[in-house]
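Descriptive structure summary
Here is what each chain is made of, one letter per residue.
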Amino acid sequence: MAAKKTKSAKRLSPAKICADEARYLMKTYRRPPVVFTHGHGCRLYDSKGRAYLDFLAGIAVNAPGYAHPRMVRVIRREAGRATHVSNLFHNPYQAPLARKLAEWSGLDRVFFSNSGSEAVEGALKLARIYAHAKAAAGSAPPKTRFLALENSFHGRTMGALSITHTAKYREPFAPLVPGVEFVRFNDVADLDAKFDDTVCAVVIEPIQGEGGVHLVSEEFWQRARALTSDHDAALIADEIQSGLGRTGRRFAYQKFAALPDIVTVAKPLAGGLPLGAMIATDKFASAFTPGMHGSTFGGGPLVCATALEFLTIVEDEQLLANVRARGAELRAGLDKLAARFDFIREVRGEGLILGIDLAVEGAPFVQEALRRGLLINCTHEHILRLLPPFIIRKQDVAEFLKKFEAVLARAAKSAKKPSPAGPAEETHAQPLAVAAAR
Ligand SMILES: Cc1ncc(COP(=O)(O)O)c(C=O)c1O
């Protein structure tokens, strides 16, 4: 019966799939009428067999590309064993994965979740419980406030949303978690003004991804580190988009002299399967005692084995060096294009997280790229974002730049200035339908 269902689902036409989605799914995403059925390396294929060069990687998730043979082998192996045993028992893979994450991050202990937002929730709870424990022991005044940055994105659950700055994500769901204040991006004086002894954590994306690829300065990071250390508060790095190799370093914060206390990761961790993690120093992690925090699915054997394989692939295939080399080529090519097309205001980023800031709206460029078989994304209405898989080759970068040049030339003709009211589109989906997607 189940096999029969799968077979008939496969035969559905793209038009029928789109129509059924329109009828049966909640209307949270806008999608172009393309149905992706499979991928290989850094290419995705649609239901009509057309190939797309993927420079979005499932929004920074598919770092090892599609159907990497080692990932496929591990997923098949574990699917035939036990996909889930619950967190009431040990499984063989949590410990080695936690150990690797501790080694990669320079921190000590890990908690596994299912998504980035959940990892952020865990980090907020850990910072609060640490502060509560200190206050209860009489060694510190009560601290409950969180400082986050303007333009931040930390996820869609209530806690993560509360420290997410963009009004269109937050405001419809008010009231959110109280005690959150936003600091102007990279503004040390504003941080100094807003920080006091009631702050239990400062939360920073070392590179704001959804916010449009903005890099936190060394000065700002060091000041946040000094204030949190002096007041026994937590410095939380949200590396869900920037972490695990995307910058060419294991973590984006590793270019700074000082470590955070708590780090959140997700997206590429299990190379496409849902897994998040919160990593913390022993000092903070020890505030959790059994029963205080938990998850039914987080850290199951299938996802942990797959994540362990992904991190080992990054090491074995020297993908950090590849990210740096391909990232430099891509950046150099984009800088040349910026010199040619005056509507490109700035190209910024590191490694394989790059933003192209336009003086015009970005949606027509995303649509034109799709028509030409390129997958890219637009955030905040006018910033094109590139997040290709770590495995891209020199020739993929060259192919991208050639096609992207044509995209820029063509789409510039129809692009308008962004609306003064600010971003209108849901940025986690490709904006707008593409009528002639084939
Ligand atoms: C920096 C950052 N934090 C948190 C999240 C939320 O992660 P998830 O969508 O897995 O809940 C995202 C997702 O884009 C992110 O980029």
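Just so you know, these numbers come straight off a predicted model, no measurement behind them.

Definitions and limits used
- Starting from 1, residues in each chain are numbered consecutively following that chain's sequence as written.
- This being a predicted model, a pLDDT of at least 70 is required before a residue's local features are given, and a value of 80 or more before pairs of side-chain atoms are given or counted; all residues contribute to the totals for chains, interfaces and linings.
- By this definition, two strands are paired if DSSP reports at least two bridges between them.
- Strands here mean DSSP runs of E at least two residues long; helices mean DSSP runs of H or I at least four residues long; both are numbered from the N terminus.
- Under this scheme, a helix contributes an axis fitted over its contacting stretch, all axes are lines through C-alpha atoms, and angles between N-to-C directions fall in the 0 to 180 degree range.
- Here, residues touch in the contact sense if the C-beta positions derived from the backbone fall within 7 Å of one another.
- Using a C-beta atom placed from the backbone, a residue is scored as near a molecule or strand whenever that atom is within 6 Å of it.
- The span one expects for a helix is its residue count, reduced by one, times 1.5 Å.
- A residue is called partly exposed when the number of other C-beta atoms within 10 Å of its own lies between 12 and 20, exposed at 12 or fewer, and buried at 20 or more, with C-beta atoms placed from the backbone.
- By construction, the arc corresponds to the directions joining the helix axis to the C-beta atoms.
- By convention here, the domain bounds are inherited from an automatic or database domain assignment.

Here the focus is the sheet that holds strand E1 (residues 36–40). Ordered by their spatial adjacency, four strands build an open sheet running E1-E2-E3-E15, and the pairing between neighbours is mixed. Strand pairing shows two members of the sheet lacking a second neighbour, E1 and strand E15 (374–375), which therefore form its edges. One ladder, built from two bridges, connects strand E3 (residues 51–54) with E15; its direction is parallel. Considered in E15, the bridge of aspartate 54 is made with leucine 375.

Now for the sheet that holds strand E11 (residues 262–265). Neighbouring strands of a sheet are bound in pairs by backbone hydrogen bonds; such pairs are parallel or else antiparallel. Ordered in space as E4-E12-E11-E10-E7-E5-E6, the seven strands form an open sheet in which the pairing is mixed. Unpaired on one side and paired on the other, strand E4 (109–113) and strand E6 (180–183) mark the two borders of the sheet. Strand-to-strand twist in this sheet, taken as the mean axis angle between neighbours without regard to direction, amounts to 20°. Contacting E4, strand E5 (145–149), strand E7 (199–204), strand E10 (234–238), E11 and strand E12 (276–280), helix H6 (residues 116–136) runs over the sheet at an angle of about 30° to E12. Its contacts with the sheet place helix H10 (residues 218–230) against E7 and E10, and it is angled at close to 140° to E10.

One ladder, built from three bridges, connects strand E2 (residues 43–46) with E3; its direction is antiparallel. By the bridge assignment for E3, arginine 43 is matched with leucine 53. Here E2 folds back onto E3, and the loop between the two strands holds four residues, one of which, glycine 49, carries a positive phi near 90°.

A few words now on the site of the ligand. The environment of the ligand is formed by 14 residues, the closest being Gly116, Ser117, Gly155, Ile240 and Gln241. Per element, the largest residue contribution to the shell around the ligand is three residues, and it comes from H6.

The next thing to look at is helix H5 (residues 94–105). End to end, H5 covers 16 Å across twelve residues, agreeing with the expected 16 Å (1.5 Å per residue, within 8%). Considered for burial, the residues of H5 that qualify are Gln94, Leu97, Ala98, Leu101, Trp104 and Ser105. Viewed along the axis of H5, the buried residues span an arc of 125°, placing them on a single side of the element. Counted as exposed and oriented over 90 degrees from the buried face of H5: Ala95, Arg99 and Glu103. The inward-facing, buried residues of H5 abut E4, E11, E12 and helix H12 (301–316). Count one or two residues on from H5 and you reach glycine 106, which has phi positive near 85°.

This next bit is on unusual backbone geometry. Backbone torsion omega between alanine 174 and proline 175 reads 5°, so that peptide bond is classified as cis. Here proline 175 shows up in the loop between helix H8 (167–170) and E6. Of note, isoleucine 59 is a non-glycine position whose phi angle comes to about 55°, a positive value. Residue asparagine 151 is not a glycine yet carries a positive backbone phi of 75°. Relative to the helices and strands, asparagine 151 is located in the loop between E5 and helix H7 (158–162).

In terms of domain boundaries, the protein chain breaks down into domain 1 (14–68 + 318–411) and domain 2 (72–316). Distance from the C-alpha centre of domain 1 to the C-alpha centre of domain 2: 26 Å. Each partner contributes to the interface: domain 1 provides 27 residues, whereas domain 2 provides 22 residues. Elements with a contribution of two residues or more to the side of domain 1 that touches domain 2: helix H3 (57–60), helix H13 (319–340), strand E13 (344–350), strand E14 (353–358) and strand E17 (383–386).

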